[in-house]
Amino acid sequence: MNINSVVGLVLGITVVLVTAAMGGQGLRGFLDLHAFLIVIGGCTSAVILAVDLHDLLRVPRILRMLFGGPPDYKGIVERLTKFSEIARRDGLLALEAAVNELEDETFRKGLQMAIDGTSSEDINKFFEAHMAVAEKDNEHGKRIIECYEKWAPSFGLLGTLQGLILMLQNLSDPDTIAPSMGVAMVATFYGAFVAFMLGGPLANKMQRSYDNEHHKHQIIKDGITAIQHGENPRILEERLSIYL
Amino acid sequence: MNINSVVGLVLGITVVLVTAAMGGQGLRGFLDLHAFLIVIGGCTSAVILAVDLHDLLRVPRILRMLFGGPPDYKGIVERLTKFSEIARRDGLLALEAAVNELEDETFRKGLQMAIDGTSSEDINKFFEAHMAVAEKDNEHGKRIIECYEKWAPSFGLLGTLQGLILMLQNLSDPDTIAPSMGVAMVATFYGAFVAFMLGGPLANKMQRSYDNEHHKHQIIKDGITAIQHGENPRILEERLSIYL
Amino acid sequence: MNINSVVGLVLGITVVLVTAAMGGQGLRGFLDLHAFLIVIGGCTSAVILAVDLHDLLRVPRILRMLFGGPPDYKGIVERLTKFSEIARRDGLLALEAAVNELEDETFRKGLQMAIDGTSSEDINKFFEAHMAVAEKDNEHGKRIIECYEKWAPSFGLLGTLQGLILMLQNLSDPDTIAPSMGVAMVATFYGAFVAFMLGGPLANKMQRSYDNEHHKHQIIKDGITAIQHGENPRILEERLSIYL
Amino acid sequence: MNINSVVGLVLGITVVLVTAAMGGQGLRGFLDLHAFLIVIGGCTSAVILAVDLHDLLRVPRILRMLFGGPPDYKGIVERLTKFSEIARRDGLLALEAAVNELEDETFRKGLQMAIDGTSSEDINKFFEAHMAVAEKDNEHGKRIIECYEKWAPSFGLLGTLQGLILMLQNLSDPDTIAPSMGVAMVATFYGAFVAFMLGGPLANKMQRSYDNEHHKHQIIKDGITAIQHGENPRILEERLSIYL
Amino acid sequence: MNINSVVGLVLGITVVLVTAAMGGQGLRGFLDLHAFLIVIGGCTSAVILAVDLHDLLRVPRILRMLFGGPPDYKGIVERLTKFSEIARRDGLLALEAAVNELEDETFRKGLQMAIDGTSSEDINKFFEAHMAVAEKDNEHGKRIIECYEKWAPSFGLLGTLQGLILMLQNLSDPDTIAPSMGVAMVATFYGAFVAFMLGGPLANKMQRSYDNEHHKHQIIKDGITAIQHGENPRILEERLSIYL
């Protein structure tokens with residue numbers, strides 16, 4: 001669980017609600033169906049148009065990834081050091097038992113390949129293919145969130161323009177100008193909220209999560225190659241500890 | 001057929017129309033010939049000036065590509081695996097019959113080259129030349145759509161400025177100020193709609209479609225090279241399945 | 001002659017003029033010496049400051065290039081195929097007569113080098129040096145146009161600010177506020193027109209023209225190398241036709 | 001101590017306060033709890049959401065780095081030259097005593113590796129791993145500051161929108177419009193101050209500090225390699241002096 | 001002397017002053033101490049915070065470079081051709097006399113190295129180190145100017161916000177609203193002027209000057225290498241003339 005993601009999100013929404021209520025009139029003035037429809041509905045439509053069905057279906061996985069914590073780098077390095085000791089003492093085949101305990105699929109597959117005697121070059125190719133696919137996936141997933149960051153203010157503007165155009169063209173009672181303008185501006189407010197409190201930070205977080213993932217696979221790849229070459233566990237640990 | 005492109009486009013337009021009509025005065029206030037002319041006409045003129053005739057003539061193909069679905073990666077991998085089995089069993093020449101069934105032109109040509117005994121290096125060159133040309137084509141096509149995304153708001157601004165300049169310079173009746181401003185703002189509304197509901201998402205989609213195309217050719221290239229080298233069908237399938 | 005450049009430019013200016021006149025007061029309201037001076041004069045001064053004299057002197061050549069059509073790729077490929085046939089039949093020296101007919105200087109020089117027996121490597125170097133210089137030239141030329149795209153709206157803003165500052169500080173007659181604001185906004189209008197109807201599209205076009213030029217030299221380079229190696233004209237034609 | 005960081009920061013805040021007080025009404029008009037909460041609280045929440053806990057914990061180190069001065073390049077080059085002389089005269093082992101005096105950890109570790117007879121290639125790998133990790137760290141740290149630069153104006157806008165929406169929707173006394181607008185604009189003011197007086201310059205400074213760090217390690221790496229190879233101290237000094 | 005830099009700068013300032021005075025009230029309305037302090041003082045403080053002392057001390061050199069003309073490429077090529085003839089006829093040592101006449105330090109050092117019999121590879125390294133350092137220097141210098149381009153409008157906005165906030169909160173006499181707004185907008189005007197008439201063009205010019213410098217060193221490097229290899233002066237001249 002990524003504790004600061006939750007704290008940041010809850011705190012941010014609280015700050016926006018509290019400051020909105022500081023005017024002394026509660027939050028009623030900020031609830032507007034029209035603004036909600038154009039910002040959330042319009043922007044989501046644009047996103048649906050902009051991406052592949054395959055990307056949309058991966059949104060739940062993206063959200064889970066955003067709120068999952070960073071990998072346990074230290075545990076991975078310790079495990080790799082232990083595996084290295086076992087391999088040096090009892091041979092690569094002695095790792096067979098340990099393989100099934102591994103949760104990370106890429107780690108498991110990569111280690112299995114080493115045990116099976118796959119060439120070091122082929123294991124590298126396997127990791128690089130995996131990392132290239134993960135990069136593409138991250139890129140497509142991040143683009144969804146970035147679309148909200150980029151387009152939500154625009155749909156807020158569209159909503160405010162709709163309100164202003166109608167208000168200005170049908171001016172019967174001057175007393176309604178100000179309230180109508182106030183309502184029209186709620187769409188801009190929604191757009192800014194979605195873009196800057198949700199879209200921007202989540203897109204950043206997504207890139208950060210991908211960096212973590214990439215970093216983890218880099219460590220695993222380096223470790224498995226070293227185990228295969230029968231490198232000294234002490235040296236392996238020291239070398240990998242630069243990454244921590 | 002790319003179902004989510006159609007859903008996103010129809011939904012988005014519906015949302016904008018519904019929210020526009022929520023003011024209770026129908027859509028009349030949003031219909032304006034002046035705004036239409038300056039945004040659509042002006043922006044299209046700028047695009048015509050900005051690109052080559054050759055690019056303009058490819059617009060229908062671009063639109064078809066945007067609403068065509070993603071490639072059937074799985075089918076391609078299955079087919080490549082099957083071809084690999086045939087080639088191992090009966091030799092490359094046995095694929096001659098299968099070649100003509102292939103719809104994808106690059107697939108067909110590439111496989112034919114393998115059957116004809118073209119060197120692996122020359123086949124790679126063929127695919128790379130094709131992919132480089134496709135990248136250029138995609139870039140030029142995407143630029144057309146991006147121009148609408150980038151310039152439509154500017155032409156909306158030009159239209160609104162035209163309206164405001166005339167309105168302010170010729171102020172005979174104060175009662176007409178507000179409606180005139182409302183009309184002038186319709187151009188900004190059109191510009192924002194074209195840029196953010198159409199231009200932005202379609203440019204994104206175009207890049208996505210190109211990524212798919214590139215991905216497909218990568219798989220085919222890898223597969224044909226493997227078939228040529230008589231790689232084991234089981235290993236080929238496993239290796240290609242990383243891409244799925 | 002690049003027909004769509006001319007069509008786009010004429011159409012765009014027509015659209016802006018027609019929509020401006022749709023207010024029913026002609027174009028008088030859009031003619032303002034002050035706005036013209038600050039946008040055109042200011043922006044041009046900034047450009048003069050920003051670039052080298054050498055770049056400024058190349059502006060006429062840039063404009064000629066923008067309105068010249070794309071290269072005749074097909075004619076070039078046909079010519080290269082013909083040259084290839086002659087060289088295979090009668091030797092490279094038989095091309096001596098054809099060289100002088102070539103209009104393209106780089107084509108002529110490159111072919112002459114091949115006839116003179118210059119090594120394939122040196123011919124490649126010659127083309128690459130030419131293409132690198134052409135890229136730099138294009139970059140410097142495009143930067144001039146991009147400056148207009150980037151700065152014209154800013155000088156429009158400067159002009160409008162000048163108008164507003166004076167108008168607000170010297171408010172004797174309230175009736176003059178609106179017309180003065182209208183006049184002040186003409187500068188913004190000019191800036192937007194120069195940036196979005198001229199600067200943006202022309203900068204795009206320039207990049208496109210450079211892409212064409214680069215593409216052409218790529219084809220010529222490939223063709224001459226193939227002729228030198230005595231490649232089969234049929235294969236050469238097929239290989240070059242991917243570029244079309 | 002980075003003297004110009006302190007001067008720039010103090011001077012900048014002074015300028016903003018003095019110009020604010022030039023209106024003759026002191027600074028009271030610029031103190032607003034609502035604006036402070038939404039800009040500082042909202043933006044900090046967004047940052048917490050956007051990054052990893054690990055990055056947040058490194059903020060004190062980042063600030064220390066921003067206000068620490070640039071490395072003493074000259075001293076490093078002199079030290080490397082001296083080490084080079086010792087190594088040529090008395091052998092690499094004679095440097096053992098000098099190693100412990102070195103404050104810079106990477107310098108110390110790298111030199112120790114050279115004394116221990118580690119291969120030149122492995123020392124290079126060690127420095128490159130260190131520099132790659134430092135680059136990642138810098139990137140993640142800079143992103144925190146850049147988030148303030150990028151999002152603070154947006155949260156200022158959110159605050160101003162909150163004020164305007166409430167003010168416009170609840171217009172009982174026309175005399176309160178102007179003061180309410182003035183208060184609402186304080187949020188925009190805060191956002192602009194945080195972004196442009198703090199975020200922007202500090203992000204720039206961070207990149208500059210990283211460039212210095214990178215530069216220093218480059219010099220140390222080059223120097224240690226040269227010492228290992230027994231290069232002439234005179235030539236080493238001259239070569240390194242290009243970097244000064 | 002870079003004639004068009006001076007012409008552009010003088011012309012640009014003249015255009016802004018003339019258009020400001022076209023309102024018929026002279027330039028008094030545009031002189032404002034408050035706006036000057038916040039834009040020039042605030043932005044300069046931000047720059048001082050953003051860079052290293054070392055970069056600030058190089059500002060005079062940067063300005064000199066901006067107004068110095070482009071290198072005399074033709075003279076350099078002629079000189080290299082002449083040196084090449086001398087070296088072919090009388091040997092490299094015969095260039096000893098010519099070395100001291102060279103004003104360009106890098107040219108002198110590089111040629112001296114060639115005369116001293118330094119290997120071609122080491123001379124290349126020397127030039128590349130010099131060019132890498134020059135690129136870094138250019139980057140840091142340009143960043144100072146770009147900060148003015150980027151932040152000056154923001155400080156103009158800060159100044160205008162200060163004016164508006166005070167004006168709106170302390171509205172005793174409605175007649176003072178407009179003039180106060182006019183004064184507040186002068187800060188925006190200053191910010192725009194600094195950014196778009198000075199910062200933008202000078203940053204562009206700086207990049208251009210660096211490109212020239214880089215180009216010059218490229219020619220000198222190529223020429224010295226050719227002289228060392230005893231290349232034919234005719235061929236050298238022809239090859240270098242592509243760069244002109």
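Nothing here was measured: the structure is a model prediction, and the numbers come from that model.

With that settled, the discussion passes to the overall build of chain A. Looking only at helices and strands, chain A features 10 helices and zero strands. Mapped from its N terminus to its C terminus, chain A presents α and β elements in the order α-α-α-α-α-α-α-α-α-α. Taken over the C-alpha trace, chain A has a radius of gyration of 26 Å; the compact-globule value for 244 residues is 18 Å, which it surpasses by more than 25%. Here the C-alpha coordinates of chain A stretch approximately 90 × 35 × 25 Å along the principal axes. The proportion of buried residues among the 244 residues of chain A is 51%.

Here we come to the pattern of salt bridges. If you walk through the whole model with that rule in mind, you get 75 salt bridges over all chains. Among the salt bridges present, the one from Glu139 of chain C reaches Lys136 of chain C, with a minimum N-O distance of 3.7 Å. With Glu139 of chain C and Lys136 of chain C both in helix H8 (residues 120-169), this residue pair falls three residues apart, about one helical turn. Note on Glu139 of chain C: relative accessible area 31%, which makes it partly exposed. Under the relative-accessibility criterion, Lys136 of chain C is labelled partly exposed at 36%. The salt bridge partner of Glu146 of chain D is Lys142 of chain D, with a shortest N-O separation of 3.8 Å. One end of the pair is Glu146 of chain D and the other is Lys142 of chain D, both in helix H8 (residues 120-169) and four residues apart, which spans about a single turn. What makes Lys142 of chain D buried here is its relative accessible area of 16%.

All names here are of chain A. Of the residues making up helix H10 (residues 233-241), those classed as buried are Pro233, Leu236 and Leu240. Looking straight down H10, one finds that the buried residues subtend no more than 60° of arc, so they occupy a single side. With a side-chain oxygen lying 2.7 Å from the backbone nitrogen of Arg234, the N-terminal cap of H10 falls on Asn232.

As a further point, take the interface of chain C and chain E. Counting residues at the interface gives 40 residues for chain C, matched by 44 residues for chain E. For the pair chain C and chain E, the number of links is 13 residue pairs in polar contact (both at pLDDT 80 or more). When contributions to the side of chain C that touches chain E are tallied by element, the ones reaching two or more residues are helix H2 (33-50), helix H3 (53-57) and H8 of chain C. Ranked by residues supplied to the side of chain C that touches chain E, first place goes to H8 of chain C with 21 residues. Its residues assigned to classes, the side of chain C that touches chain E comprises 24 nonpolar, 11 polar and five charged.

Left apart from each other, chain B and chain D have a closest C-alpha approach of 17 Å. Between chain C and chain D there is no contact, and the shortest C-alpha to C-alpha distance separating them is 17 Å.

Attention now goes to the interface of chain C and chain B. In this complex, chain C contributes 44 residues to the contact, which on the side of chain B involves 40 residues. Looking only at chain C, the three residues that lose the most surface to chain B are Phe196, Arg208 and Ile242 of chain C, adding up to 17% of its buried area. On inspection of chain C and its partner chain B, the count reaches four salt bridges. One can count 13 residue pairs in polar contact (both at pLDDT 80 or more) joining chain C with chain B. The leading source of residues in the side of chain C that touches chain B is helix H9 (residues 177-228) of chain C, at 22 residues. When the residues that make up the side of chain C that touches chain B are grouped by side-chain class, the tally is 25 nonpolar, 15 polar and four charged.

The next subject is the environment of Ala98 of chain D. The topology assignment puts Ala98 of chain D in helix H6 (residues 96-99). What makes Ala98 of chain D buried here is its relative accessible area of 12%.

Bringing the relation of the copies chain C and chain B into the picture now. When chain C is fitted to chain B, the best match, at an RMSD of 0.0 Å, comes from turning it 72° and sliding it 0.0 Å along the axis. In symmetry terms, the pair is related by a five-fold rotation axis.

Taken together, the side chains of Ile3, Val7 and Leu11 of chain A together with Leu53 and Leu57 of chain D define a hydrophobic patch exposed on the protein surface, amounting to about 450 Å² of accessible area. The set of elements that each furnish at least two residues to the nonpolar patch consists of helix H1 (3-21) of chain A together with helix H3 (53-57) of chain D. Broken down by element, the nonpolar patch gets its largest block of residues, three residues, from H1 of chain A. With respect to the secondary-structure elements, Leu57 of chain D resides in helix H3.

Okay, the environment of His215 of chain A next. All names here are of chain A. Locating His215 in the fold gives a position in helix H9 (residues 177-228). In the structure, His215 is positioned 144 residues away from Pro71 in sequence and 9.1 Å away in space, judged by C-alpha atoms. Once you skip the residues sitting within four places of it in the chain, His215 turns out to touch Tyr73 and Tyr243.

Attention shifts here to the environment of Gln25 of chain C. The topology assignment puts Gln25 of chain C in the loop between helix H1 (3-21) and H2. Through-space distance from the C-alpha of Gln25 of chain C to that of Pro153 of chain C is 25 Å; in sequence the pair is 128 residues apart.

All names here are of chain B. The geometry of helix H2 (residues 33-50) relative to helix H9 (residues 177-228) is characterised by a closest axis approach of 8 Å and an angle of 40° between their N-to-C directions. As H2 runs across H9, the sense of the crossing is right-handed. Residue-level contacts link Ala35, Phe36, Ile38, Val39 and Ile40 of H2 to Val186, Ala187, Tyr190, Gly191 and Val194 of H9.

All names here are of chain A. Confidence along chain A averages 88 in pLDDT terms, with 100% of residues attaining 70 or more. Of all helices and strands in chain A, the one with the weakest mean pLDDT is H10 (81), whereas helix H2 (residues 33-50) scores best (94). Per the prediction output, this complex has pTM 0.89; the corresponding ipTM is 0.86.

Looking at the element boundaries, Thr19 of chain E is found in helix H1 (residues 3-21). Once you skip the residues sitting within four places of it in the chain, Thr19 of chain E turns out to touch His34, Leu37, Ile38 and Gln162 of chain C.

What counts and what doesn't
- Residues numbered from 1 in each chain as written.
- Chains lettered and ligands numbered in written order.
- Predicted model: local features only at pLDDT ≥ 70, side-chain atom pairs only at ≥ 80, totals over all residues.
- Heavy atoms only, no water.
- Helix = DSSP H or I, 4+ residues; strand = E, 2+ residues; numbered from the N terminus.
- Rg over C-alpha atoms; globule rule 2.2 N^0.38 Å.
- Buried < 20%, exposed > 50% of the residue type's maximum accessible area, 1.4 Å probe, protein only.
- Salt bridge = Lys/Arg side-chain N within 4 Å of Asp/Glu carboxyl O.
- Arc of directions from axis to C-beta.
- Polar contact = N/O pair within 3.5 Å; in protein donor to acceptor, adjacent residues only side chain to side chain.
- Contact = heavy atoms within 4.5 Å.
- Nonpolar A, V, L, I, M, F, W, Y, C, P; charged D, E, K, R; others polar.
- Buried area = accessible area lost by both parts, 1.4 Å probe.
- Least-squares fit on C-alpha atoms with pLDDT ≥ 70 in both.
- Patch = residues over 30% accessible without salt bridge, like charges linked within 9 Å, V, L, I, M, F, W, Y side chains within 5 Å.
- Areas by Shrake-Rupley, 256 points an atom, 1.4 Å probe, with all protein chains shown as cover.
- Axes fitted to C-alpha atoms, helices over the stretch in contact; angles between N-to-C directions.
- Left-handed = near helix turned anticlockwise from the far one by under 90°.
- pLDDT = per-residue confidence, 0-100.

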